[in-house]
Amino acid sequence: MLEIVQTKVFRGPSLWAHAPVIRLTVDAADLAGRPTNTIPGFVERLVAIVPSLSAHRRSSESDDLIGRMERGLAMSHVLSCLALEFQRLAGSDLAGGQPDRPAEGQSGAIYAYEHERVGVAAGLLAVRLVNHIIYGVEPALDFQQFLQDEIARPAEKAGFGPSTRALVEEARRRGISVYRPDPKQSLVILGQGKKQRRIWATATDGTSLVGSYAARDKGVSAHLLQDAFIPTPASIVVLNAEAAVDAAAQLGYPVVVKPVDGNHGRGVGLSLNDDVAVRSAFASAASESRGDGVVVQHHISGQDYRVLVVGGDAVAVAERVPAHVVCDGASTVRELVDRENRDPRRGEEHSRTLTLIAADDAATALLDEQGLSWNAVPESGRVVQLASTANLSTGGISIDRTDDIHPVNAALAREAALVVGLDVAGIDIVTANIARPMAEDGGAIIEVNAAPGFRMHTHPSEGEARPVAQHVMEMLFPLDQCGRIPIVAITGTNGKTTTTRMAAHLLRSAGQSVGMTTTDGVYIGERLVAAGDMAGPASARAVLRHPAVDAAVLETARGGILREGLGFDHCDVAIVTNIAADHLGLGGIETLEDMARVKAVVPASVRANGASILNADDPLVVGMARSAGGEVVFFGGDEKSPVLRNHRLVGGRIAVLALTLSGDMLRLVDESGEHDVLLASDIPATFGGMLRVNALNALAAAAAAWVRDVPISTIRNGLRTFHADFATTPGRFNLLDVEGRHVLVDYAHNVAALEAVGDFVRRFGAPRSVAMLAIPGDRSDEDTVALGHVGGGIFDALVIREAANTRGRPRGESAGLLRDAALAAGVPDRQIRIVLDEVDAAHATVDLADSGDLAVIFVTRPKVIWEELTGRAARLSTGQSAFGAD
């Protein structure tokens, strides 16, 4: 029997797909090597339960799902296809999904989704259905009921209404990112950072609040129209029924009574001809009014039209027809309504393109006025009215009249929107024929509506659908803007955080407001807004949604990619620093090649006009050029590198540390020539050029700024002002003086990073060097021993400690492995101490060093240790004991 082992939801590009997908890992050992054509009756039973699969018959064999199953299809493919099909049946328009390569005895299904809960439920139903067919599990499984309850209804609740959906689909078509903060609300953020725009249903962030209030108050909007000499019926706002009767007498019958601030046609009484009707209509209108008062308005005869005005243009016109049925001479009115409500286009309220016709008291009263009841069987061809208003929300239908509107009427609609103060407005006109000037027929504009519905225009019952969402997007994002800010994403094993901070500093130097994520926290501009390890997708998304940001620099760690994919769909620049042994054996990543596949997701997400900046000194990073997006720019520390030389020969851009008489020069090379930025020794973060790894980090950051068209002079000045102090790069090569000892605090915790520190130690030239050494407990024995061996080859003495969280190892085991490896590397036993606590170990390491020596503290908690050591130095300067007051 199939059993789901793991369900993972990827919200961005991942190892499995560029688009958001769900990955099911299913235990299917007994189906291994058994395609569908070896399971008797499987295809026939599946199609009998899910007949919509027959619709996937194609002329091309490659697209013929049933044909492929009949010829033999792996169960992983079947599960993917079923999960997609169930979502499509619930109304989602989704592309296909392909299985990954799962572990032995497991089947992996990968498929796209629109709503997470719905997508997960679709995968569960796919597994249940296959188990039902093959193994007879759940003999009473009601497929249609589960589909309706667990997939279709949640999809409808999670989805947008027709109007908002039209806007969202148009935004996505233009490549504009879409984010819905609360799935229960209609607020949608389109775009990123400072370039974002916001909509709430069809109201935009450019919709005037004053204009919306004016439109909502029918009395105020009527005054505004009258003051502008726009034809609108005379109206009076009243507070009680007797005043309504007096107003009707003053205006002259027939009249309309409606809430002063109602919507969707609720509480509206039309064509009232006497005092009794007015009193009754007042009570109905007052019950629906959200404000004070009821409007009594002179009744205008004619057809009901809605003109949609967007950005000052009349972009669509619809004739609205009240809810009705056409009789067949054989069915009762109730049967006709039930039949009409089975139209798949009809749904509750605004969930679908048409609304269900209500069999309520108002409809019953209207039937009574027509001399009918619900059980009556009217003659064939008779039209029976079921709602007095023509709103789609009361079951009405629409007929497109965009091509028919007279220019005079269009101009009046545009002016009405302008006068009330709306960028998107629904102008309600009643006139005999929209193709003639309304003044000729006594027509008028009866209402101006903010946040009007679009479904009468996007899905008319008759006539041509109009691309109204396109007009709104053109208003919000003119000149084909896509609402995106530049994204620089940095990944790799070592150097990510420093390179991220350098790149952000360069963009800030160019005058941009930068949002940044690192393993230290999230920054908006220079301000730390959230502390902690924030190099994952959730933090990236938070930065991209912040309206103060016009560029994002995002450290992108392995864990987040494996957990849920990237926090963005595309980036403009990707930097891959290096691939080294770290985190191996975790999350299914066993080899360096596995790690490279994970990191390669980042450059693969670079858009076509962007750039992938790859380390030419690392063969695994060089290999990413095959899948990288945009232009490939190689950077490296060896100007004789064949990778750099060959790339330059084919016209590619490179960034290189070039050896000159004055030292290493950061040089950028393109078709126009060689551009020297500055000497590595002029960058404070390299400590006079001794810290070569930071020169390479600076080179990668400079290349990122260069491809973003930052002037070289700005890059030069930016690097000159970037310091590796604790405030700028906490835990990354921070130097301080304690009692005459040089103390270096760094976060290095793998062999490659330790070797980079070793290069600095040799260049620094201290009489002796000592270190506090540790490794996370979840690293393999091989990695632990390798770290101890390298550390033993660099330092004269070691203090070995462990993190408080040993990550599953017995306390002291990692420290023992490190000690044994250091002994094997030649460190004398008397020069090795084990002090498990991090703070105590840091002090012990400083104590091992003499004046002028270099003490390197490899930290897990950089802030705690930095405060301890700076506090110790301060206490000593005031004559206190290193561990407190005398």
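This one's a predicted model, so the numbers in the text were calculated from it and none came from an experiment.

A. Structural detail: the overall build of the protein. Across its full length, the protein holds 30 helices and 37 strands. The buried share of the protein, reckoned over its 886 residues, is 53%. Looking at the protein alone, contacts between residues at least 24 apart form 65% of all its contacts between residues at least 6 apart. Surface exposure of the protein reaches about 36500 Å², of which carbon and sulfur atoms provide 50%.

B. Molecular detail of the sheet that holds strand β27 (residues 606-615). If you trace the eleven strands from one edge of the open sheet to the other, you get β24-β23-β22-β25-β21-β26-β27-β28-β29-β30-β31, paired in mixed fashion. Looking along the sheet, the strands with just one partner apiece sit at the ends: β24 (527-531) and β31 (673-679). Between one strand axis and the next, the sheet turns by 20° as a mean value, whatever way the strands run. Of the strand pairs in this sheet, strand β21 (residues 487-491) and strand β25 (residues 551-555) are connected by four bridges, and their pairing is parallel.

C. Fine view of the packing of aromatic side chains. Under the counting rule described, the total for this entry stands at six aromatic pairs. Measuring from ring centre to ring centre gives 5.3 Å for F86 and F143, while their planes differ by 55°; the resulting arrangement is tilted. A residue pair is termed long-range when its members are at least 10 positions apart, and F86 in helix α3 (residues 75-89) and F143 in helix α5 (residues 143-158) qualify at 57 residues. Judged by relative accessible area, which is 0%, F86 ranks as buried. Each residue in the set F687, F733, F760 and F764 is aromatic and connected to the rest through ring pairs, giving one cluster. In this arrangement the basic side chain of R545 is found over the ring face of Y179, its NZ or CZ atom lying 3.3 Å from the centre.

D. Molecular detail of the nonpolar core. Among the nonpolar cores identified, the biggest contains 72 residues, and L666, L719 and F795 are the most heavily contacted of them. Looking at this core, the element that brings in the most residues is helix α24 (residues 692-707), giving twelve residues. Sequence-distant contacts of F795, defined by excluding residues within four places in its chain, comprise L754, V757, V761, S769, V770, A771, V827, V856 and F858. If you look at the next biggest cluster of nonpolar residues, it comprises 46 residues, including I39, C81, A109 and Y111.

E. Summary view of the packing of α3 against helix α4 (residues 116-135). Axis separation between α3 and α4 bottoms out at 8 Å; the angle between their running directions is 125°. Considering the angle they form, α3 stands oblique to α4. Helix-helix and strand crossings are classified by hand; for α3 and α4 the assignment is right-handed. Together, M75, L79, L82, A83, F86 and Q87 of α3 and V118, G119, A122, G123, L125, A126, V127, L129, V130 and I134 of α4 make up the contact between the two elements.

F. Molecular detail of the pattern of salt bridges. Considering all chains together, one arrives at 52 salt bridges under this definition. For D520, the salt bridge identified is with R501, shortest N-O distance 3.3 Å. Taken together, the residues D520 in the loop between β22 (514-517) and β23 (521-524) and R501 in helix α17 (residues 496-509) connect sequence positions 19 residues apart. R508 is the partner of E526 in a salt bridge, and the nearest nitrogen-oxygen pair spans 3.3 Å. Here R508 lies in helix α17 and E526 lies in the loop between β23 and β24, a separation of 18 residues in the sequence. By relative accessible area, which is 64% here, E526 ends up exposed. Salt bridges sharing common partners tie together R11, E116, R541 and E564.

G. Quick look at the sheet that holds strand β33 (residues 741-746). Taken in spatial order, the six strands of this open sheet run β32-β33-β37-β34-β35-β36, and their pairing is mixed. A single partner strand is all that each edge strand has here, and the edge strands are β32 (734-738) and β36 (832-834). Between one strand and the next, the sheet's axes are offset by a mean angle of 20°, whatever the strand orientation. Two strands pair when backbone bridges link them, and strand β35 (residues 797-800) and β36 are joined in this way by three bridges, in the parallel orientation.

H. The arrangement of the environment of R807 in detail. Here R807 shows up in the loop between β35 and α28 (813-824). A relative accessible area of 43% means that R807 is categorised as partly exposed. Sequence spacing of R807 and G777 is 30 residues, and the spatial spacing of their C-alpha atoms is 5.0 Å. Residues contacting R807, with those up to four places away along its chain left out, are P776, G777, D778 and R779.

I. View of the confidence of the model for the protein. Per-residue pLDDT for the protein averages 91, and the proportion of residues at 70 or more is 96%. Counting interchain partners and residues more than four positions distant, the pLDDT-below-50 stretch residues 97-106 has 27 contacts. Here residues 881-886 scores under 50 on pLDDT; set against residues more than four positions off or in separate chains, the count is 13 contacts.

J. View of the side chain of R466. In this structure, R466 sits in the loop between α15 (455-458) and α16 (468-476). By relative accessible area, which is 12% here, R466 ends up buried. Aside from chain neighbours lying at most four places away, what touches R466 is A316, D400, T402, D403, H457 and T458.

Calculation notes
Residues numbered from 1 in each chain as written. Predicted model: local features only at pLDDT ≥ 70, side-chain atom pairs only at ≥ 80, totals over all residues. Heavy atoms only, no water. Helix = DSSP H or I, 4+ residues; strand = E, 2+ residues; numbered from the N terminus. Buried < 20%, exposed > 50% of the residue type's maximum accessible area, 1.4 Å probe, protein only. Contact = heavy atoms within 4.5 Å. Areas by Shrake-Rupley, 256 points an atom, 1.4 Å probe, with all protein chains shown as cover. Pairing = 2+ DSSP bridges. Axes fitted to C-alpha atoms, helices over the stretch in contact; angles between N-to-C directions. Phe/Tyr/Trp six-rings, centres within 6.5 Å; stacked < 30°, edge-to-face > 60°. Lys NZ or Arg CZ within 6 Å of the ring centre and 35° of its normal. Core = buried A, V, L, I, M, F, W, Y, C linked by side-chain atoms within 4.5 Å. Parallel < 35°, antiparallel > 145°, perpendicular 65-115°, else oblique. Left-handed = near helix turned anticlockwise from the far one by under 90°. Salt bridge = Lys/Arg side-chain N within 4 Å of Asp/Glu carboxyl O. pLDDT = per-residue confidence, 0-100.

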